[in-house]
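Working through the structure, step by step
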Amino acid sequence: MGAVRGSVRIFAIAVCVVIMIGGGLWLTGQPAQSAGQTELLWYGQSAYKLTTPSGKVLLIDPWLTNPLNPDGEEDIANLESVDLILLTHGHADHVGNSIEIAQQQQAKLVASIDLSNALVVAGYPEELVTPEMQGNFGGELTLLDGDVKVAFIPAVHSSAIEAGVNPKAYGGNPGGFLISVKDGPSIYHTGDTDLFSDMTLVPQFGAVDVMLACIGDQYTMGPRRAAEAVKLVNPKLVIPNHYGIFTLTGTPEAFGEALNKLNLGTKLKVMQPGETVSL
């Protein structure tokens, strides 16, 4: 896996130094800013930590111990005050360390009702799975005293629960989230998905500032189809994820080339595992 991490870092460096998309410029290496900003940390794969301007902490698909993150166990130990865990679907590389973190942090689960119920069977603390944190596609939750709104967005994928149950259990339909942060950006995490035309509906209910897009191919859309997804959603910024492990072939380099061919106004940011950016 060391070779895999190395290859991902090479791709990230190659793409991230300076990328021009539709005349826009994005430079890497910008440090996280002071309090009052929305901060996003990428752990690798599809796992993120989102910190709101008021200091609330959300984890999305928190597989912190994924092969791209050698500091995963330390990162789990150092977590402080996690308020919510958001899960797009039931696959092990997205559920990840959720149960362990929930037990440690008493973080409530935000997921579809079917996935929430299945995860209780898998070991997620039942007292942390409450009706006000559950939803389904087309619905939106207002959480943490209005600090964030979370809308459930469909995805084209699958969602069997693979950890903690035998045999694999039904985990509802896969999805993504549109997270609207008070005094901050709106962030669309695609989850695992293919390109689908209804992505055009996402920005009709409010502009998307940041799109966290899977690009790995084989199990999800690859770079070319992910670039077309960006065209449909029209975010200000896109950050690729779900690449560089298993047998996934999609790369940030190929994604950047596909975006350039479409001549979009969206800026591309390729993050390193463990990197934090201010939004």
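It should be emphasised that the depicted structure is a prediction, and the values quoted were computed from it without experimental measurement.

**Topic: helix α4 (residues 98–105)**
Those residues of α4 not exposed but buried are S98, I99, I101, A102 and Q105. Across the axial projection of α4, the buried residues extend over an arc of 165 degrees, all falling on one side. Of the surrounding secondary structure, the elements contacted by the buried residues of α4 are β5 (57–60), α2 (72–77), β6 (84–86), α3 (92–95) and α5 (113–122). Two residues or fewer after α4 comes Q106, characterised by a positive phi angle close to 60 degrees.

**Observations regarding the confidence of the model for the protein**
Do not read the predicted coordinates in detail wherever pLDDT is low. In the predicted model, the protein carries a mean pLDDT of 89, and 86% of its residues have values of at least 70. Low pLDDT (under 50) marks residues 1–34, which in the prediction has 65 contacts with non-local residues, meaning those over four places away or in another chain.

**Looking at the environment of L84**
Tracing the chain through its elements places L84 in strand β6. For L84, a relative accessible area of 1% puts it in the buried group. On a C-alpha basis, the gap between L84 and Q105 in space is 9.3 Å, while along the polypeptide they are 21 residues apart. When sequence neighbours within four positions are dropped, the list of residues in contact with L84 reads V57, L58, L59, A107, K108, V110, M133, L143 and L144.

**Considering the environment of S116**
Turning to its location among the elements, S116 is positioned in helix α5. Ignoring sequence-local partners within four residues, the contact set of S116 consists of L109, A111, V129 and Q134.

**Remarks on the pairing of strand β9 (residues 140–143)**
Of the two faces of β9, the one lined by L141 and L143 is fully buried and the one lined by E140 and T142 carries no buried residue. Here β9 pairs with strand β10 (residues 148–154) via four bridges, running antiparallel. Each residue of the ladder has a partner; that of L141, found in β10, is V150. Connecting β9 to the antiparallel partner β10 that follows it, the hairpin turn spans four residues, and L144 within it adopts a positive phi of roughly 55 degrees.

**A short note on the sheet that holds strand β8 (residues 134–135)**
Pairing is mixed across the open sheet formed by seven strands, whose spatial order is β8-β7-β6-β5-β4-β3-β16. Both outer strands of the open sheet, β8 and β16 (276–278), are each paired with one neighbouring strand and no more. Direction of pairing for β6 relative to strand β7 (residues 108–112): parallel, over a ladder of three bridges. Among the inter-strand pairings, I85 is bridged to a residue of β7, identified as L109.

**Some points on the pattern of salt bridges**
Here the structure, examined in full by the defined rule, presents four salt bridges. When the shortest N-O distance is used, the salt bridge between K108 and E132 registers 3.7 Å. Linking K108 in strand β7 with E132 in the loop between α5 and β8, this pair joins segments that are 24 residues apart in sequence. K269 serves as the salt-bridge partner of E275, at 3.0 Å between the closest nitrogen and oxygen. What makes K269 buried here is its relative accessible area of 2%.

The rules behind these values
Residues numbered from 1 in each chain as written. Predicted model: local features only at pLDDT ≥ 70, side-chain atom pairs only at ≥ 80, totals over all residues. Heavy atoms only, no water. Buried < 20%, exposed > 50% of the residue type's maximum accessible area, 1.4 Å probe, protein only. Helix = DSSP H or I, 4+ residues; strand = E, 2+ residues; numbered from the N terminus. Arc of directions from axis to C-beta. Contact = heavy atoms within 4.5 Å. pLDDT = per-residue confidence, 0-100. Pairing = 2+ DSSP bridges. Salt bridge = Lys/Arg side-chain N within 4 Å of Asp/Glu carboxyl O.

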